[in-house]
Amino acid sequence: MGKIIVICISEARGTQKHEVETSEIVEGWGLKDDAHGGNWHRQVSLLSYEKIEEFRARGADIKPGAFGENLIIEGYDLRSLPVGTRFRIGDAVLELTQIGKECHSHCLIYQKMGDCIMPREGVFTQVVKGGPIKKGDKIEMIPPDKNRPFTAAVITLSDKGAAGEREDKSGPTAVRMLEEAGYEVKETLILPDERIPLEIQLKRLADQRQIDVIMTTGGTGFSVRDITPEATIAVCDRMANGIAEAIRAYSLTITPRAMLSRAVSGIRGKTLIVNLPGSPKAVEEALEYILPSLGHGLGILRGTEGECARK
C-alpha cells in the first residue's frame, strides 16, 4: 500500500507547481485547477518520494513540485511498474500510461546538478474515475489485467502527408482494421520520410508508452527517401522478419511488384514493430493476412502466452 506525500498543481503553464493540501481528480482532465491537465494521456504525473530523497542526499535543494510532478508517492518504485497498472485513491482511479519523458531542454535542476530524475523516474497517468484526494491518502496498486486488449500505434511515413499536401488514407485503414480486431489504438502519427524523427517516435512508443505493436505504413520502397526499414532495424533488439516475409509472400500472389518491398519487422523490448506498405489497398491486404496470427506472438511478448511446438 502506498501513500500520497505531497499534492502539487500550477494554475498556469510555465510556472512551477506548488503544494496544496487537497485536490480533486477530474475525469477528462487531471487535477482540478492544474494547467497541465487536458484530454490526453499525461493528465496526472507521479514521482516516487524515495527517488526524490535519494536525489536530495546527493546535495539537491529542491522543493515539492520542482520536477513538475503532481503527486509525490511513497511506497512504490513507479518506473518498474508496467503501463496499464492502476492506482486507486479513495473513489478515484488513475491508469499508468507512460514511463519517463523526453527532456527537450535541460531544466535548472539539471544545470545545477548535472542530472534530473523526472525524465527517467517520473510516470504519467490518465484519469479512469474522478474523486477527491488529500495528503496522506492511501494508494492501492492494481496490476494490469492479463486479458486486457493489446495496444497499438500507427505511424504513416509521407513527406506530402506530413506537409498537409496529401490526405493520409493508409493510416486510417490500419487503425480501422486494428480496432475491428479488438486492439486499442493509442496513438496515430504522420511523419515526413526522415530517419531520425521516426527512430525517436519508435523508441518513445516502445519504451515510454510500452505499446504492444507499432504499425508503420509507407517508406519501404526504392526511393532515396524511403527510410522506414533502416529506422526500424536501428531501434530493434531482435528482428522478426517472418512477418515481413509473410506479407511479401502473400502480396506476391496479388502483384509481382511486391518483390520490390524492403519492409522489415522486429522487436524492441516487448514491442513488435511491423512495416506495412504505403497504399491503403496493400495495407488492408497485409493486415487481413497477418492479424489472425499476430495475437499469439504479442501474447508471448507480454508473457501471457507460452511458446507452442508442434509434436
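Our subject is the structure that appears above.
This text gives an overview of the structure that appears in the document.

Parameters at a glance
- Residues numbered from 1 in each chain as written.
- Predicted model: local features only at pLDDT ≥ 70, side-chain atom pairs only at ≥ 80, totals over all residues.
- Heavy atoms only, no water.
- Helix = DSSP H or I, 4+ residues; strand = E, 2+ residues; numbered from the N terminus.
- Rg over C-alpha atoms; globule rule 2.2 N^0.38 Å.
- Buried < 20%, exposed > 50% of the residue type's maximum accessible area, 1.4 Å probe, protein only.
- Contact = heavy atoms within 4.5 Å.
- Areas by Shrake-Rupley, 256 points an atom, 1.4 Å probe, with all protein chains shown as cover.
- Lys, Arg positive; Asp, Glu negative; His and termini not counted.
- Charge placed at Lys NZ, Arg CZ, Asp CG, Glu CD.
- Pairing = 2+ DSSP bridges.
- Core = buried A, V, L, I, M, F, W, Y, C linked by side-chain atoms within 4.5 Å.
- Patch = residues over 30% accessible without salt bridge, like charges linked within 9 Å, V, L, I, M, F, W, Y side chains within 5 Å.
- Salt bridge = Lys/Arg side-chain N within 4 Å of Asp/Glu carboxyl O.

## Brief notes about the overall build of the protein chain
Phase 1: Within the protein chain, the regular secondary structure consists of nine helices and 17 strands.
Phase 2: For a compact globule of 311 residues, the expected C-alpha radius of gyration is about 19 Å, and the protein chain comes in at 22 Å, within 12% of that figure.
Phase 3: Taking the principal axes of the C-alpha coordinates as reference, the protein chain spans close to 65 × 45 × 35 Å.
Phase 4: For the protein chain, buried positions account for 49% of its 311 residues.
Phase 5: The contacts of the protein chain with a sequence gap of at least 6 include a subset with a gap of at least 24, amounting to 73%.
Phase 6: Of the roughly 15,400 Å² that the protein chain leaves accessible, carbon and sulfur atoms contribute 51%.
Phase 7: Where the 41 positive side-chain charges of the protein chain centre and where its 44 negative ones centre are 2 Å apart.

## Considering the sheet that holds strand S4 (residues 30-31)
Phase 1: A sheet is described by the order of its strands in space; here three strands give the open sequence S4-S3-S10, paired in antiparallel fashion. If you trace the sheet from one side to the other, it starts and ends with S4 and strand S10 (131-134), each paired once.
Phase 2: Where strand S3 (residues 22-26) meets S10, four bridges bridge the pair, whose relative direction is antiparallel. Opposite Ile25, over in S10, you have Gly131 as the bridge partner.

## Comments concerning the nonpolar core
Phase 1: Counting 26 residues, the largest nonpolar core has Met215, Leu272 and Leu294 as the members making the most contacts within it.
Phase 2: Counting only elements with at least two residues in this core, the list comes to strand S12 (151-157), helix H5 (170-180), strand S14 (213-217), helix H8 (241-252), strand S17 (271-276) and helix H9 (280-302).
Phase 3: Residue contributions to this core peak at eight residues, all from H9.
Phase 4: Membership of the second largest hydrophobic core comes to 24 residues, among which are Ile25, Ile73, Leu94 and Ile133.

## As for a nonpolar patch on the surface
Phase 1: A contiguous nonpolar surface patch, about 440 Å² in accessible area, is contributed by Phe222, Leu252, Met259 and Leu260.
Phase 2: Inspection of the secondary structure puts Leu260 in the loop between H8 and strand S16 (265-268).

## Notes on the pattern of salt bridges
Phase 1: Inspection of the entire model under this criterion finds 20 salt bridges.
Phase 2: Overlapping salt bridges bring together Glu19, Glu21 and Lys135 as one network.

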